[in-house]
Amino acid sequence: MSDLTRKTAAELAELMTSGQASSVEITQAHLDRIAAVDGDVHAFLHVDTEGALAQAKAVDEKRTAGQQLSPLAGVPLALKDVLTQEGVPTTAGSKILEGWKPPYDSTVVQRLKAAGIVILGKTNMDEFAMGSSTENSAYGTTHNPWDLARIPGGSGGGSSAAISAYEAPLAIGTDTGGSIRQPGAFTGTVGVKPTYGGTSRYGLIALASSLDTPGPCARTTLDAALLHEAIAGYDPMDSTSINQPVPAVVEAARNGDVAGLRIGVVKELGGEGYQPGVEARFHEAVELLTKLGAEVVEVSCPHFEYALPAYYLILPSEASSNLAKFDAMRYGLRVGDDGTNSAEKVTSLTREAGFGAEVKRRIILGTHALSSGYYDAYYGQAQKVRTLIARDFAKAYEQVDVLVSPATPTTAFAIGDRIDDPIAMYKNDLCTIPSNLAGNAAASFPCGLADEDGMPVGFHVMAPVMRDDLCYQVGAALESALAEQWGGVLMTKAPELEVTR
Amino acid sequence: MPSITREEVAHLARLARIELSDDELDHLAPQLDQIIGLVGQVSQVAADDIPPTSHALPLTNVMRADENVPCLTPEQALSGAPAQEEQRFRVPRILEED
C-alpha cells in the first residue's frame, strides 16, 4: 500500500469502507510520521498514542460488526490545544495551565468522538490564541514545513503545520481574528472560519467570546467540508449557537461550479503593504474564476481600514475579562502560597509567572480600554465601528454573492522577525479580521507560491452569515482548476521533510 | 507626550492582578503607547449616531428549561485544584493582617 499519510481524509475513508486499510493501520502510520518529523516541526504539544489507537480499534470493531458509521469514521485528526478533551492535557499554549487535564469534553470533541474521528493529540498555538506565529506559545515555536526557518502562522500554527507535514489529514483550529485562515494561507492548506455561532464554543478556552469560532483545517476543500459537517450545528450548551440547519458545505465542495456567481474584489484589501507575489497569485486566481464563468467586480468597503484598530480594542477588552478566571484558586498554576501571602498576592504572583508577554500586554490594554473615562472613547467607539463594518458587508452583498481578497498581506515570515514589534505582527490579520467582527463565514484556499520566496499564498473568500457553502463552492472551483494546471493540489509541491528514525 | 505613562501601566497591572518587574514595565509601557496610538484611530470615524454592535448576531437572552442535568462530581471538579482540603478548594487567606 502506498503511504497512508499522503492520502486525503476522503480517500482514507474510502480505503476503510472498501476494507483495504483499517483505522488502526492508518492511525499508526500517522503516529509513525509524527515520531519521524515532529522533532523538527514541533506541531504537537501532546501525542495521545494510546488513546488514539484505542479509538481506532473501536471504530474497526464497529465496522467489522457491520454498524453504520459516519463518513469520517476512523480518520485521524490533530486538535488545537485550546479545546478541552477529557483526561488529556490541555494548556492553550500557556504555563498557567501546564499539566491541567480537563474533566469534560468540549462540544467539538464530543462530536468528533461521536463521528468516530480519531484524535491523535493536541497541537501547539500562541498562548491563549494571542498571536500570528506560535512564537507566543510557552512551549516553543512551531516550524513551517515548507521552510523550517519560518513561522507556520498563528495562533493555530500547530494545526496547520500538522496537516502540511502529513502528520494528520485533518485538524481543528479556532479563529478569532484569522487563527485558522492565516496559518492555512502560510502552509498551503485549506482553513475555514464558519459563521460565528455555526460551531459551538462550549469547552473552547475563551479568548474573545463574541469572536471565537472553531473550524476545520485540511489539505483539500472536500476534506475541510466533511470535517465542517461533522462538528457544526446547534448546541444548547453555547448561548450564541445558531439554531438552524448546517449549510450544505459538502455538497458545495463536491459541486464547485462558479458559473454566474458574482464575486466582489475588495478594493481596500490590497496595494501598499501587500507583497507583490501575494498580489500576483491573488489576481491570477481571480482571472481563473472569471474564466470559469464567475462575474467579477470591484467593491469598496470603506470602513475595513478601521477593522484592525477596532479589533485590538474589542479583543483585549473581552480577553482581559475572560482571563480573570485564571486566579490560581480552582485549577492551574499557583505561585507564592507560602502561608503568609494573601489570596490576592498569590493571584498576582501566579499571573506574573504563568502568563507570557503578549498575554500581559493584551490584558493590560483591555483593562485600560474598559476603565472609566476611556470606555466610550475606546470600547464604545470600537463597537460602533463594528456596526459600520457589518454595514459595509451588507451593502456589498446586495451587489455580489461573495467577497474575495488575499488571505494575508505577506507570506510566512522568518521566526523571530516580528516578535518584538506587536504592530507589525498584528497587521498579519488585516484581511481576516473584518469577517470576525461581522461574524460571517470566510475561508482561505491555496492559490500558488509567491515568486520572491516560494512560499504559499492564500486566497480569501468571505460569504454572508450562514452561507458557508459559498466559500466551499469557490474554493472547490479554484482547487480543481489549479490542480489541473499543477498536476495536483499545491501541497504536492511542498519540500520533503527530513525523517528521523 | 505619551498616551500612556509608565505609572499608568503599573496601575493597570495592579488592577489586572499581574505583578510586573521594573524591566517588564520598561519594555511594556512604550509598546502599549504605540498600540494605543494604533487603536486610537477608531476615534477618526464619525459614528455619533451609529448604534454599537456587541455581538455579530442579533440574539436575545437564551434560556433553557429549569431541569436537573448531569454535572461534574466533586472529585472531577476538584481534579485540577492546586490545593484541596476536606473536599473543598483550599485558598490562601483572604483578609490582610491588620
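If you're wondering where the values come from, they're calculated on a predicted model, not measured in any experiment.

## Considerations on the overall build of chain B
At step 1: Helix and strand content of chain B: 3 helices and 2 strands.
At step 2: For chain B, the sequential pattern of α-helices and β-strands runs α-α-α-β-β.
At step 3: Dimensions of chain B, computed from the C-alpha atoms along their principal axes, are close to 55 × 45 × 25 Å.
At step 4: Looking at chain B as a whole, 31% of its 98 residues qualify as buried.
At step 5: Accessible surface computed for chain B: about 7,100 Å², of which carbon and sulfur atoms make up 51%.
At step 6: Between the mean site of the 7 positive side-chain charges and the mean site of the 18 negative ones, chain B shows a separation of 7 Å.

## Remarks on the overall build of chain A
At step 1: Check the secondary structure of chain A and you find 16 helices and 11 strands.
At step 2: For 501 residues, the compact-globule estimate of 2.2 N^0.38 gives 23 Å, and the C-alpha radius of gyration of chain A, at 21 Å, lies within 12% of that figure.
At step 3: Taking the principal axes of its C-alpha atoms as reference, chain A extends roughly 65 × 55 × 45 Å.
At step 4: In chain A, which comprises 501 residues, the share counted as buried stands at 66%.
At step 5: Put simply, chain A shows about 16,000 Å² of open surface, and 50% of that area lies on carbon and sulfur atoms.
At step 6: Both charge centroids of chain A, one from 39 positive and one from 60 negative side chains, sit 3 Å from each other.

## Some details on the pattern of salt bridges
At step 1: Scanning the entire structure with this criterion turns up 26 salt bridges over all chains.
At step 2: One salt bridge connects A:Arg262 with A:Asp401, and the closest N-O pair in it is separated by 3.1 Å. You can see A:Arg262 sitting in strand S7 (residues 262–266) and its partner A:Asp401 sitting in the loop between helix H13 (376–399) and strand S9 (402–406), a full 139 residues away along the chain.
At step 3: Residue classification places A:Asp401 among the partly exposed residues on the basis of a relative accessible area of 21%.
At step 4: Between B:Arg90 and B:Glu85 there is a salt bridge; the shortest N-O distance is 3.9 Å.
At step 5: Judged by its relative accessible area of 29%, B:Arg90 falls in the partly exposed class.
At step 6: Through salt bridges with shared partners, a single ionic network connects A:Arg334, A:Asp337, B:Glu85 and B:Arg90.

## With respect to the UniProt feature "active site" (unreviewed entry) in chain A
Residue and element names in this part refer to chain A.
At step 1: The positions that UniProt labels "active site" (unreviewed entry) are, in the present scheme, Lys80, Ser155 and Ser179. These residues run over 100 residues, yet every pair of their C-alpha atoms falls within 10.8 Å of each other.
At step 2: Following the sequence through the fold, Ser155 ends up in the loop between strand S3 (118–123) and helix H5 (157–164).
At step 3: Those residues in contact with Ser155, other than ones at most four positions away along the chain, are Lys80, Asn124, Met125, Asp126, Ala129, Gly131, Ser132, Thr134 and Ser179.
At step 4: Tracing the backbone shows Ser179 in the loop between strand S4 (170–175) and helix H6 (181–186).
At step 5: Here Ser179 falls in the buried class, since its relative accessible area comes to 7%.
At step 6: If sequence neighbours within four positions are ignored, Ser179 has contacts with Lys80, Ala129, Gly131, Gly154, Ser155, Gly156 and Thr174.
At step 7: At a separation of 2.9 Å, a polar atom in the side chain of Ser179 contacts the side chain of Ser155.

## Details of the interface of chain A and chain B
At step 1: Listed per partner, the contact involves 63 residues of chain A and 54 residues of chain B.
At step 2: In this structure, the connection of chain A to chain B is made through 4 salt bridges.
At step 3: B:Glu19 is paired through a salt bridge with A:Lys345; the nearest N and O atoms lie 3.0 Å apart.
At step 4: Across the chain A-chain B interface, the total number found is 21 residue pairs in polar contact (both at pLDDT 80 or more).
At step 5: Ranked by residue count, the leading element in the side of chain A that touches chain B is H13(A), at 10 residues.
At step 6: Its residues assigned to classes, the side of chain A that touches chain B comprises 31 nonpolar, 17 polar and 15 charged.

## Concerning the packing of helix H12 (residues 357–370) of chain A against helix H1 (residues 6–15) of chain B
Think of two packed helices as two axes; the pair is described by the angle between the axes and how far apart they sit.
At step 1: Contact geometry of H12(A) with H1(B) gives a least axis separation of 9 Å together with a crossing angle of 95 degrees. The pairing of H12(A) with H1(B) is recorded here as roughly perpendicular in orientation. In this structure, H12(A) contributes A:Ile364, A:Thr367 and A:His368 to the contact, and H1(B) contributes B:Val9, B:Leu12, B:Ala13 and B:Leu15.

## Overview of the sheet that holds S7(A)
Residue and element names in this part refer to chain A.
At step 1: If you trace the 11 strands from one edge of the open sheet to the other, you get S1-S3-S2-S4-S6-S5-S10-S11-S9-S7-S8, paired in mixed fashion. The sheet terminates laterally at strand S1 (44–47) and strand S8 (295–299), the two strands that pair on one side only. Strand after strand, the sheet turns through a mean of 30 degrees between neighbouring axes, direction not considered.
At step 2: As judged from the 2 bridges shared by strand S5 (residues 190–193) and strand S6 (residues 213–218), these two strands associate in the antiparallel manner. Bridge pairing in S6 places Val190 opposite Ala218.
At step 3: Along the sheet face, helix H3 (residues 49–64) touches S1 and S3 and points at about 155 degrees away from the line of S3.
At step 4: Contacting S5, S6, S9, strand S10 (441–449) and strand S11 (456–463), helix H16 (residues 468–486) crosses the sheet at an angle of about 10 degrees to S10.

## Observations concerning the nonpolar core
Residue and element names in this part refer to chain A.
At step 1: Core analysis: the largest hydrophobic core is formed by 154 residues, its most contacted members being Leu112, Phe128, Leu403 and Phe459.
At step 2: If sequence neighbours within four positions are ignored, Phe128 has contacts with Ala92, Ser94, Ile96, Leu97, Ile205, Leu207, Leu323, Phe326, Phe355 and Val359.
At step 3: Grouped together as the second largest cluster of nonpolar side chains are 21 residues, Val37, Val118, Ala171 and Cys217 included.

## Here's the deal with the packing of aromatic side chains
Residues and elements named next belong to chain A.
At step 1: Applying the stated criterion across every chain, the model contains 14 aromatic pairs over all chains.
At step 2: Both rings, one in Tyr375 and one in Tyr379, keep their centres 5.5 Å apart while their planes meet at 55 degrees; by these two values the pair is tilted.
At step 3: Residue classification places Tyr375 among the partly exposed positions, given a relative accessible area of 36%.
At step 4: Look at Phe393 and Tyr397: their rings are 5.9 Å apart centre to centre, the planes differ by 20 degrees, and that puts the pair in the stacked class. Of the two residues, Phe393 and Tyr397 are both situated in helix H13; the distance of 4 residues between them amounts to about one turn of the helix.
At step 5: Following the ring pairs from residue to residue traces out a cluster consisting of Trp100, Phe128, Phe326, Tyr331 and Phe355.
At step 6: Arg6 extends its terminal NZ or CZ atom over the ring of Tyr166, reaching a point 4.0 Å from the ring centre.

What counts as what
- Residues numbered from 1 in each chain as written.
- Chains lettered and ligands numbered in written order.
- Predicted model: local features only at pLDDT ≥ 70, side-chain atom pairs only at ≥ 80, totals over all residues.
- Heavy atoms only, no water.
- Helix = DSSP H or I, 4+ residues; strand = E, 2+ residues; numbered from the N terminus.
- Buried < 20%, exposed > 50% of the residue type's maximum accessible area, 1.4 Å probe, protein only.
- Areas by Shrake-Rupley, 256 points an atom, 1.4 Å probe, with all protein chains shown as cover.
- Lys, Arg positive; Asp, Glu negative; His and termini not counted.
- Charge placed at Lys NZ, Arg CZ, Asp CG, Glu CD.
- Rg over C-alpha atoms; globule rule 2.2 N^0.38 Å.
- Salt bridge = Lys/Arg side-chain N within 4 Å of Asp/Glu carboxyl O.
- UniProt positions renumbered as here; feature names shortened; annotations may be inferred.
- Contact = heavy atoms within 4.5 Å.
- Polar contact = N/O pair within 3.5 Å; in protein donor to acceptor, adjacent residues only side chain to side chain.
- Nonpolar A, V, L, I, M, F, W, Y, C, P; charged D, E, K, R; others polar.
- Axes fitted to C-alpha atoms, helices over the stretch in contact; angles between N-to-C directions.
- Parallel < 35°, antiparallel > 145°, perpendicular 65-115°, else oblique.
- Pairing = 2+ DSSP bridges.
- Core = buried A, V, L, I, M, F, W, Y, C linked by side-chain atoms within 4.5 Å.
- Phe/Tyr/Trp six-rings, centres within 6.5 Å; stacked < 30°, edge-to-face > 60°.
- Lys NZ or Arg CZ within 6 Å of the ring centre and 35° of its normal.

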